[in-house]
Amino acid sequence: MEGVATIDIEQVMKMFSEFDAKKRKRVYRQATSKALNIVKKQTITNLKKVTSKIDKKDKWGNTLRKGITTKVYRDNKSGVIHILKNFKLKFFELGTKERYNIAKGSRRTGKLKKKRYTGRIQAYKFFTNAINSKRTEVFSSIDKLLSDSIKKINEKYKGKTQ
């Protein structure tokens, strides 16, 4: 069958054992980064269902899309994806309670005659749903991601001395 890639695990493990510690760490970082990007893409897709203005800049120059970030740590083989780079995403994820304007002073009269309803944001759980839906896909594809990273680094350093 054309287009189907087969992975010879013994060959991949042989290539991996030839790597030094720096290259091994790079393999883990690349595989972790690819796995986090799977969840990030699903999070952005879920956020598009919640609001259509994910690329609109606010007064600080941030967009909702830029608020979803990934980071792979150098020390160990782990990483994190979070949505708190833009604080507004927290309100779409967790929602808000009923809010009222009960200001004690204004410019003209000094007091509000009655409190005003200013709204409530529904909890959409776009990030939690993305994690739950892609968790099995990430863990099932981690072997493929590791072998792809090993092959990529092996091709890069093929013919070069260590």
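Residues numbered from 1 in each chain as written. Predicted model: local features only at pLDDT ≥ 70, side-chain atom pairs only at ≥ 80, totals over all residues. Heavy atoms only, no water.

Regarding the environment of Y117
Consideration 1: Relative to the helices and strands, Y117 is located in strand 4 (residues 116–119).
Consideration 2: Since its relative accessible area comes to 49%, Y117 is described here as partly exposed.
Consideration 3: It is 4.5 Å that separates the C-alpha atoms of Y117 and Y100, two residues lying 17 residues apart in sequence.
Consideration 4: Beyond its immediate sequence surroundings of up to four residues, Y117 is in contact with E98, R99 and Y100.
Consideration 5: Separated by 2.7 Å, the side chains of Y117 and E98 make a polar contact. (Helix = DSSP H or I, 4+ residues; strand = E, 2+ residues; numbered from the N terminus. Buried < 20%, exposed > 50% of the residue type's maximum accessible area, 1.4 Å probe, protein only. Contact = heavy atoms within 4.5 Å. Polar contact = N/O pair within 3.5 Å; in protein donor to acceptor, adjacent residues only side chain to side chain.)

Quick notes on helix 4 (residues 126–156)
Consideration 1: Helix length check: helix 4, at 31 residues, gives a terminal C-alpha distance of 38 Å against a target of 45 Å (1.5 Å per residue), a shortfall beyond 12%.
Consideration 2: Remark: the principal bend of helix 4, roughly 45 degrees, maps to I142.
Consideration 3: Taken residue by residue, helix 4 has F126, F127, A130, K134, V138, S141, L145, S147, S149, I150 and I153 as its buried positions. (Expected span 1.5 Å × (residues − 1). Bend = angle between axes of the 7 residues up to and from the residue.)

Digging into unusual backbone geometry
Consideration 1: The phi dihedral of K125 falls on the positive side, at around 55 degrees, and the residue is not glycine.
Consideration 2: Position of K125 relative to the elements: it lies in the loop between strand 4 and helix 4.
Consideration 3: For K125, a relative accessible area of 35% gives the class partly exposed.

Section: the packing of aromatic side chains
Consideration 1: Evaluation of the coordinates by the stated rule reveals three aromatic pairs.
Consideration 2: Their ring planes at 90 degrees and their centres at 6.3 Å tell us that F87 and F91 sit as a pair that is edge-to-face.
Consideration 3: Residue F91 is classed as partly exposed on the basis of its relative accessible area, which comes to 31%.
Consideration 4: Aromatic pair Y100 and Y117: ring centres 5.4 Å apart, planes at 65 degrees, arrangement edge-to-face. Residue Y100 is located in strand 3 (residues 99–101), and its partner Y117 is located in strand 4; the two are separated by 17 residues in the primary sequence.
Consideration 5: Members of the aromatic cluster, joined through ring pairs, are W60, F87 and F91. (Phe/Tyr/Trp six-rings, centres within 6.5 Å; stacked < 30°, edge-to-face > 60°.)

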